[in-house]
Amino acid sequence: MTRKHYDWRVDEPLPILGDHSVAKHEIFEQYLGIYIERLTRTFSQTMLNLTIVDGFCGGGLYQHRGGEAEGSPLRLLRAVEEADKALNAARIKGFEVRADFVFIDENTDHIAFLHDLLIKRGYGSRLGTDIFLQCSTFEDACPGIIARIQAKGTAQRSLFFLDQYGWSDVRFATIRSILSQIKNPEILLTFAVDALIDFLTEKRTESTALLGLDLQREDVRALLELKSGDGWRYLIQNGLYRHVQSRTGASFYTPFFIHSVESHRSYWLLHLSSHRQARDEMGKLHWRINNHFQHHGGAGFHALGFNPSKDLRQDLMQFMFDDDARARSEAAVLDQLPRMIHAANQGDLGGLVVEQLFAGNCNDTPVTSDILSSQLRLLRDEGELMIVSGAGKEKPRAKTIAWDDRLILPRQRSMFSRLG
């Protein structure tokens with residue numbers, strides 16, 4: 001698939017951007033700001049090196065609701081500028097965010113439009129210095145980008161925004177290369193799952209595009225067998241999601257949907273990383289920007305354990321990251337935590353470390369560390385749980401729960417009344 005839905009040419013009308021894509025670009029911009037804030041919390045720090053890759057950048061400007069809307073290149077540039085300004089103002093010794101930007105598009109007209117746009121917006125002097133435009137497919141460009149990041153330094157901080165129009169422009173082998181060859185990458189990948197499901201037919205079991213997703217003939221046939229019965233589309237989505245999870249090699253990931261009102265289609269916005277904290281920050285951002293997002297499942301932990309006997313559509317369509325969804329998540333976590341902690345504490349007098357609890361269960365859930373902490377405090381206040389600091393000191397009234405805190409069952413307790 002290509003970005004034929006959008007077309008940019010210098011001095012010609014801009015393509016029209018849908019509301020769901022505006023929300024997606026907002027996620028990109030806000031997450032980049034959160035990412036920089038997360039990596040600059042040491043007050044003595046004076047510099048941050050990172051590389052930002054926009055693998056399907058387009059022309060960078062759209063029509064939206066009668067006006068103009070900035071695309072990902074301008075929004076990513078602005079996010080770094082604002083973070084750099086704020087850090088400089090807050091640090092006595094000053095601060096410098098040394099970010100290289102790599103904008104890639106295979107269409108020469110799109111690159112020409114973006115080049116012209118960046119000059120008009122005052123970025124001309126930076127082209128070829130810290131802003132690089134590349135007319136290429138992302139697949140062809142990726143090996144050189146990996147080498148560039150490896151040569152830049154030891155930390156190799158990098159963000160890949162892979163906003164493909166369909167589902168076949170990024171091979172899973174390429175994602176594995178990024179995650180295995182770079183020390184600290186994060187990937188935000190859009191994936192048109194509804195379009196892929198429609199593409200799946202018996203005649204296409206050996207399609208080259210499907211092979212790029214590591215979907216072999218037997219994998220496709222197994223998915224096609226799910227096309228009978230209620231909720232078949234969501235069963236296939238779940239099967240595909242499990243496949244994406246296993247074949248990309250990401251330790252931490254998100255399964256959130258963006259729904260396009262204009263096309264009546266949904267696609268995934270997948271965040272892939274090797275860090276628990278990165279996954280948690282992305283989860284929190286979905287709760288803050290909730291008007292276009294759905295969670296692929298229900299509330300609480302283990303939310304993607306679909307039951308084929310249930311109507312899968314009900315939970316999916318109702319979970320919209322609103323106040324009701326948060327209340328349902330808190331109730332589910334409060335019910336689940338005693339059993340999870342009890343199982344983990346069997347034969348272990350040292351207790352369960354909070355980070356171990358979260359990192360081991362956060363991927364298939366809308367639960368964030370904020371939700372987890374609030375329910376752990378509630379269980380402690382009810383006498384169902386002891387929270388002990390990493391230094392061994394009990395925290396009977398502390399409002400803050402640290403990642404190295406340990407969760408211990410009291411010696412004399414109500415036998416976890418919530419265990420049932």
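Predicted, not measured: the structure shown is a model, and the values here were computed from it.

Chemist: Sorry if this is basic, but what is going on with the environment of F56 here?
Modeler: Looking at the secondary structure, you find F56 in the loop between β1 (47–54) and β2 (61–64). Overall, the relative accessible area of 9% leaves F56 in the buried class. Remark: the alpha-carbon pair of F56 and F138, spanning 82 residues in sequence, is separated by 7.2 Å.

Chemist: Honestly, the packing of aromatic side chains in this entry has me stumped. Any pointers?
Modeler: Two aromatic rings are characterised by how far apart their centres lie and by the angle between their planes. Taken as a whole, this structure holds 12 aromatic pairs when the rule is applied. Site record: aromatic cluster; members linked through ring pairs are Y6, W8, Y62 and Y165. Just above the ring of F132 sits the side chain of R148; from NZ or CZ to the centre is 4.4 Å. When the ring centre of W403 is taken as reference, the NZ or CZ atom of R276 above it lies at 3.8 Å.

Chemist: Explain unusual backbone geometry here, please?
Modeler: Of all residues except glycine, most have a negative phi; of all peptide bonds, most are trans. Positive phi values are uncommon outside glycine, yet D11 reaches one of about 70 degrees. Following the sequence through the fold, D11 ends up in the segment before α1 (19–38). With a phi angle near 55 degrees, Q156 is a residue other than glycine that sits in the positive phi range. Mapped onto the fold, Q156 is located in the loop between α4 (138–152) and β6 (157–162).

Chemist: Honestly, α1 in this entry has me stumped. Any pointers?
Modeler: What sets the pattern is the α-helix's 3.6 residues per turn: residues three or four places apart point alike. Between the first and last C-alpha of α1 there are 28 Å, a value that for 20 residues agrees with the 28 Å anticipated at 1.5 Å per step. Along α1, 14 of the 20 residues are buried, which leaves the element largely enclosed by surrounding structure.

Chemist: Which parts of the structure should I look at to understand the pairing of β1?
Modeler: Within a regular strand, side chains alternate between the sheet's two faces. With 6 of its 8 residues buried, β1 lies for the most part within the structure. Taken together, the 8 bridges between β1 and strand β4 (residues 96–105) define a ladder with parallel strand orientation. Considered in β4, the bridge of V53 is made with V102. Bridge count for β1 against β6 is 4 bridges, and the pairing is parallel. Looking across to β6, one finds that V53 is bridged to F160.

The rules behind these values
Residues numbered from 1 in each chain as written. Predicted model: local features only at pLDDT ≥ 70, side-chain atom pairs only at ≥ 80, totals over all residues. Heavy atoms only, no water. Helix = DSSP H or I, 4+ residues; strand = E, 2+ residues; numbered from the N terminus. Buried < 20%, exposed > 50% of the residue type's maximum accessible area, 1.4 Å probe, protein only. Phe/Tyr/Trp six-rings, centres within 6.5 Å; stacked < 30°, edge-to-face > 60°. Lys NZ or Arg CZ within 6 Å of the ring centre and 35° of its normal. Expected span 1.5 Å × (residues − 1). Pairing = 2+ DSSP bridges.

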